[in-house]
Each structure stands twice: as C-alpha cells, then as structure tokens.
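Listed below, chain by chain, are the residues.
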Amino acid sequence: MIRPLLNILRLFVISALAGAAWVAHRPAIMPTAPSASNAKADDMLDMLRQTAIKRAAIMEISEAEVNRHLAATLAARIANPLGDWAAFDGARLDLEQGSARLFLVWKLKGHVRTVSVDLAISRDEDKFHIELLRGSYGHLDMPRGMMRPLYPVLRAVAEALDPEIRALFQMTKITIAKDKLVLDPRFPPA
C-alpha cells in the first residue's frame with residue numbers, strides 16, 4: 001500500500017524538477033538589444049563626473065543610453081576564461097518605477113542563457129545601498145535567497161563598472177523611474 005504511494009510521490013518530484021529545469025533554461029524576455037552607437041563609451045562616465053562636479057541641475061539618463069553603455073563597456077572589461085564554450089554575452093537593464101531589473105546573458109555552446117535580478121536603491125545618510133529583491137533563472141522566478149550563487153558574477157560586473165558606480169553615487173539623490181534614471185546632484189537644502 002505504501003510502496004505505490006512512494007513511487008507516485010517520486011514520479012511527481014522528478015516531474016516537478018524536470019519542469020523547473022526546462023523553465024529555468026528558457027531565456028527570459030529582455031529589453032531590445034542596444035543599437036550600435038558611434039559615441040565613445042567614456043561619454044557617460046564623463047557626463048556623470050561633470051554633473052557631480054557642477055551640481056547644477058537634475059540629469060536624466062534613458063534606459064537605452066544605459067544599455068548602450070553596458071554593451072560597450074562590459075564587452076571590453078569582462079574576460080571569458082572559458083572562451084567560446086561559455087561566454088559572458090553582456091548585461092541589459094530594464095528600469096521600472098522604483099526598481100531595476102538587471103539581465104545577465106551568457107552563451108553556452110551557442111545557446112543563450114539568462115539570469116535576472118531585481119534591484120532597488122536606498123540611501124542611509126551618506127551611503128547608498130543596493131538591495132537584491134528577487135530574481136529568476138530564465139523564466140523560473142526565485143526568492144532572494146536562491147540567488148546567492150550569482151553573487152560572484154554580480155561582484156565581477158560591479159568591479160567592471162566601478163568607475164561608473166562611484167560617479168553615480170556622488171549624486172545627492174538617485175531615482176529609478178519608468179525607462180530612465182533621474183539623478184539629482186544638487187546639494188540638499190539646509
């Protein structure tokens with residue numbers, strides 16, 4: 001009596017794991033790939049630095065500009081130690097009101113694999129905090145704790161974008177709006 005129930009339970013667990021693996025390996029739907037631009041990759045970094053120095057006006061950066069900069073910058077700064085077998089293929093950002101979804105793209109033997117994480121920015125006195133809210137492997141949504149294996153990759157992306165992140169955090173206020181970042185470098189009123 002118990003043996004058939006255990007076999008049914010095993011079959012159910014194996015089916016659930018196979019379904020989860022299939023969903024996780026389907027690439028997520030991402031923002032469109034940035035078009036090639038003749039502008040230099042350092043233009044955004046210079047623009048952020050100049051805005052932080054002048055502290056004159058609010059600056060808006062569109063999602064498309066950020067994605068163009070990520071495509072140009074990360075391709076040059078992140079090495080692929082495994083060559084064509086497993087290559088980091090870039091990152092894209094999808095900005096929504098109050099949060100940003102970062103898509104990381106790999107090509108494994110020619111097949112596209114994606115991972116996405118939802119990030120939020122908050123400020124505590126003089127320090128900004130980036131919080132990982134949740135994420136997904138392909139189409140398989142996961143809670144924040146299950147995204148822990150991605151921390152080394154996120155750290156490598158953060159190290160590659162260190163100059164941009166430092167310039168960004170020189171702003172007084174950073175707001176994530178629909179399809180744009182709103183940066184306020186002005187000093188807060190006393």
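Basis of the calculations
Residues numbered from 1 in each chain as written. Predicted model: local features only at pLDDT ≥ 70, side-chain atom pairs only at ≥ 80, totals over all residues. Heavy atoms only, no water. Buried < 20%, exposed > 50% of the residue type's maximum accessible area, 1.4 Å probe, protein only. Helix = DSSP H or I, 4+ residues; strand = E, 2+ residues; numbered from the N terminus. Pairing = 2+ DSSP bridges. Arc of directions from axis to C-beta. Expected span 1.5 Å × (residues − 1). Axes fitted to C-alpha atoms, helices over the stretch in contact; angles between N-to-C directions. Phe/Tyr/Trp six-rings, centres within 6.5 Å; stacked < 30°, edge-to-face > 60°. Contact = heavy atoms within 4.5 Å. Core = buried A, V, L, I, M, F, W, Y, C linked by side-chain atoms within 4.5 Å.

Counted residue by residue, strand β2 (residues 86-96) has eight buried out of 11 residues, so it is predominantly covered. Pairing between β2 and strand β3 (residues 99-108): 10 bridges, direction antiparallel. From the neighbouring strand, L93 faces β3, where its bridge partner is L102.

What follows is about helix α4 (residues 151-160). Among the residues making up α4, those that are buried are L154, V157 and A160. Buried positions in α4, seen along its axis, are confined to an arc of 120 degrees and lie on one side of it. Facing away from the buried surface of α4 by more than 90 degrees, the exposed residues are P152 and E159.

Count 3.6 residues to each turn of an α-helix, and residues three or four apart come out pointing the same way. Its 15 residues place the ends of helix α3 (residues 63-77) 21 Å apart at the C-alpha level, agreeing with the 21 Å of an ideal helix rising 1.5 Å per residue. Taken as a whole, α3 has its buried residues at E63, V66, N67, H69, L70, T73 and L74. For α3, the arc enclosing every buried residue in end-on projection is 160 degrees, short of the 170-degree limit, so these residues lie on one face. What points out from α3, more than 90 degrees from its buried face, is the exposed set A75 and A76.

This part takes up the sheet that holds strand β7 (residues 173-177). On the basis of which strands lie adjacent, the open sheet formed by three strands has the order β1-β8-β7 and antiparallel pairing. If you trace the sheet from one side to the other, it starts and ends with β1 (59-62) and β7, each paired once. Sheet twist, expressed as the average angle between the axes of neighbouring strands with direction ignored, equals 20 degrees. Bridging between β7 and strand β8 (residues 180-184) involves five bridges; their strand directions are antiparallel.

The next point concerns the packing of aromatic side chains. Going through the model one piece at a time under the given rule, you end up with two aromatic pairs. Aromatic pair F88 and W106: ring centres 5.8 Å apart, planes at 75 degrees, arrangement edge-to-face. Residue F88 is found in strand β2, and its partner W106 is found in strand β3; the two are separated by 18 residues along the sequence. By relative accessible area, F88 is classed as buried at 14%. The interplanar angle of 15 degrees and the centroid separation of 4.9 Å between the aromatic rings of F128 and F169 together place this pair among those described as stacked.

A few words on the sheet that holds strand β4 (residues 111-124). Spatially, β2-β3-β4-β5-β6 is the arrangement adopted by the five strands of the open sheet, whose pairing is antiparallel. The two strands at the open ends of the sheet, each matched to only one other strand, are β2 and β6 (140-143). With direction set aside, neighbouring strand axes in the sheet form an average angle of 30 degrees. Of the strand pairs in this sheet, strand β5 (residues 127-137) and β6 are connected by four bridges, and their pairing is antiparallel. Along β6, the bridge assignment pairs R134 with P143. Packing against the sheet, α4 makes contact with β2, β3, β4 and β5, and its axis sits at approximately 105 degrees to β3.

This part is about the nonpolar core. Of all hydrophobic cores here, the largest spans 37 residues; its most connected members are L48, L74 and L183. The contact partners of L74, leaving out residues within four places of it in the chain, are F88, A91, V157, A160 and L161.

Worth remembering: the numbers are spatial, not functional.
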